[in-house]
Every structure is written in C-alpha cells, then in structure tokens.
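# Structural overview
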Amino acid sequence: MPDRNKPQRKAQKRTQEKAPREKQDTGVQSPHRGERIAKLMARAGLCSRREAETWIAAGRVAINGRVLASPALNVTGEDKVLVDGKPLEAPERTRLFLFNKPAGLVTTERDPEGRPTVFGYVAERFPDLPRLISVGRLDINTEGLLLLTNDGGLARVLELPATGWIRRYRVRANGETDEAALGGLRRGVTVQAVKYAPVEVTLDRVQGANIWLTLGLREGKNREVKRLLEHIGLQVNRLTRLSFGPFQLGHLGDGDVEEVNTRVLRDQLGPTLSAAAGASFSRPTRAEMQREMNTHSGTGDRKRKHVRTLRAERDNQADEAPRRRILRSATEDRKGREVAVERVVPTRPSRAAAGPTRNARRFGAERLAGSGKRPAGKAPRPKR
C-alpha cells in the first residue's frame, strides 16, 4: 500500500536541512537577531564595514568575553561588545557633512608616505566633530566637495552606483576636442577593458591651450574623469567636484566643513535610502548625550529657567532680604600700606518694607473705582 504522507515527510526533511543552525560558541543567543557586528561598528563611526571585517580577523573585537573570529554574526543590545578592550559606544544619530577639500590632501586615514590626510586636516581644525568616514574618495590633487559622515552604513549606500546619485565636476584640461569625441563619452566607452557608463559632458569654453568642461558621472570609478578625458586626448590639470547628488559645494570656503541639517538629510535620502542605510535621525549626538549626563550629575550647565520662574525667585528673595551691592575699593593705612575695603550698599528696600509696587497701587485703584469704593486714606474731592 503506497504511503500517502511520504511527500510531506520529504518536504519537512528538506526544510529542516535548510534551516540555519544557531551558533553557540560565541555567547550570543542567536545569530539571526539584532544587527551584524561589522554594520554595528560602522554605525558607531569606528570604521567602515570592510575595515571592521579586517579588525575582526585581527582579533581586535570581543563579544561577551570571547574574541570574535568571523564577522558573520549578529549582536543585540544585550551583548557586550569590546573593540581593542574598550566598550563599543552607542551610535549617535546619522549626520552628514560637506567638506571643501583643498588640493594636496589624501582621502585616507593613514598614509604610508606620510602625506597630509583629509581626516587629519579636519580633526585638527574641527576638534568637536565626531569620527568621520568619507563617502567615496577624491584624488590628492582633486578639489571640491567631499561628503563626510559618522555613519558607515550611509557611506556604503551612497557609494553604490545603484543609488544613482550624479557627481558633477568642473574640469580644466589641456588639449583640443570636438563634439564627436564628446559624443562618444555620452554614449559610453571602454578603456583598457574597463567599461564606463555614459556620462554627461558639456564644453564650457576654450581658454588658450586649455578647455573647460563640466562632467556628470553616476558610477565614480577610480580616476574615472582623468581616464575618460585621456581617452579622447585631453590631459586634466585641474579637477573640482561641484556636487554629489542633491548636495552642492556652493560658496563653501576652501577647507571649511558644514553640517547638513537633519531634516534636510532625511528628506533628501527618502525612505528607501534611509532604510537601506539603516539611518537613524532621532538619536542624540555624543555632545548632547554628554551634556545630558553632566546636567543630571550636576556638573554641567542646566537648562535655562523661564522668565516667570526667575521673577518669582527674585520676588521671594526680595521678601526675605533686601538686595545688596558690594563696592570694592582700596585705601592706605598710616604707614602707606594698601588696604582693601568693601562696602555693602542696599540697592532697594525689601518688598515688605517698600509696600505695594506702583503697578499694584494703580490696579488696586482701578478695581476700587470699578466697585464704586474709594481707596483707603483718601478724602473725597470737594464738590464745586
């Protein structure tokens, strides 16, 4: 007799074989909860996801007291994560900065040749900023807009060609060209077995032996502008990035940094990119969290009191004691030695001694006039 339940048992067996197994040797309850460890480190602004994987392979990351050997692990808020022996700080809200990069800076954290870097330049001139990650790179001699963020997830998403954000460059190049060559760039070309997507290119003007062009790219491959123009016989001698997606260089000064407003950043990213990057716009910044901690501990500046509260405190103090002013001066004794002198001068009598204020007396008189009564102590006016 055929077994009718045999297909169902086979399907259940295949499902069980495909079901992921939980890792028990890391101290984490389940690798399918929470967030990837590399993503969490990038979100905290320590490094990019790729750098986080390198750190993990080097044994610099420990979870729940055990050194992590693979980045293929999710962690939750209940897990204790240590990086180089220090607790991983909670990530702050996603922030984006516009940086007008000068020529001569390398877009890297450490340069083996000892050249000045973007991050060293920014950290020296803007010490209050958090640890930042660049969105893509600019060559050492390329100037203009470079996006910096504290969120590695956002940097990764904005770098992807699939995001489709166009990068515009202002280029000065030596040589001559024509519309036929520029048309080839607009259709897309292949240079040394590398296929480049179509670009937007406009010939702005000719200046002696140089020409000025405006290019728009969507991929951002390594040295793409220079290689494309070399392909049509032009040598780039100045390159400035004007914009990256919706963010413009504008009138930002050379070497200056400007933060993008949180609401503007959220609107420009939209729900799709925000979700892909895992961006958070509600968390406080490190400085805000530190101020809050100082306020609760009594060591920082407290919130400003409302003017009504200040007036009430002033009136209460005036009722208890008159306000005083201390005048400090100096004089000499009989031997010519300088002696400090302090003189306490009352600035006004106490509220109780002074009686009601002028406004209180006027309002009291108006109330009495409305009720048909005379103020106490005043004689009626004689009739004429």
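What counts, and where the lines are drawn
- Residues numbered from 1 in each chain as written.
- Predicted model: local features only at pLDDT ≥ 70, side-chain atom pairs only at ≥ 80, totals over all residues.
- Heavy atoms only, no water.
- Helix = DSSP H or I, 4+ residues; strand = E, 2+ residues; numbered from the N terminus.
- Buried < 20%, exposed > 50% of the residue type's maximum accessible area, 1.4 Å probe, protein only.
- Contact = heavy atoms within 4.5 Å.
- Polar contact = N/O pair within 3.5 Å; in protein donor to acceptor, adjacent residues only side chain to side chain.
- Pairing = 2+ DSSP bridges.

What follows covers the environment of T214. Here T214 shows up in strand β14 (residues 210–217). Among the residues examined, T214 registers a relative accessible area of 21% and is labelled partly exposed. Sequence separation between T214 and L239 is 25 residues; the distance between their C-alpha atoms is 9.9 Å. Every residue in contact with T214, bar those within four places of it in the chain, is listed here: Y169, R170, E200, V201, T202 and D204. Polar contacts involving the side chain of T214 include one to the side chain of D204, which spans 2.6 Å.

This part takes up unusual backbone geometry. Backbone geometry places Q192, a non-glycine residue, at a positive phi of 50°. With respect to the secondary-structure elements, Q192 resides in the loop between β11 (189–191) and β12 (194–196).

Let us look at the pairing of strand β9 (residues 143–149). Here β9 lies mainly inside the structure; seven of its seven residues are buried. Strand direction decides the pairing type here: strand β8 (residues 133–134) and β9, joined by two bridges, are antiparallel. Bridge assignment links I133 to a residue of β9, and that residue is T149. Bridging between β9 and strand β15 (residues 235–244) involves two bridges; their strand directions are parallel. Each bridged residue has a counterpart across the sheet, and for E143 the counterpart in β15 is T240.

Relative to the elements of secondary structure, L147 occurs in strand β9. Among the residues examined, L147 registers a relative accessible area of 0% and is labelled buried. As for L147 and E258, which are separated by 111 residues in sequence, their C-alpha atoms are 10.0 Å apart. With near-sequence residues (within four places) excluded, L147 lies in contact with L96, F97, L98, I133, S134, V135, F244 and F247.

The next subject is the sheet that holds strand β3 (residues 66–67). Working definition: the strands of a sheet are paired by backbone hydrogen bonds and lie parallel or antiparallel to each other. With antiparallel pairing, the four strands of this open sheet are ordered in space as β3-β2-β5-β6. Looking at the sheet topology across the chains shown, the edges are occupied by β3 and β6 (86–87). As judged from the two bridges shared by strand β5 (residues 81–83) and β6, these two strands associate in the antiparallel manner. Each residue of the ladder has a partner; that of L82, found in β6, is P87.

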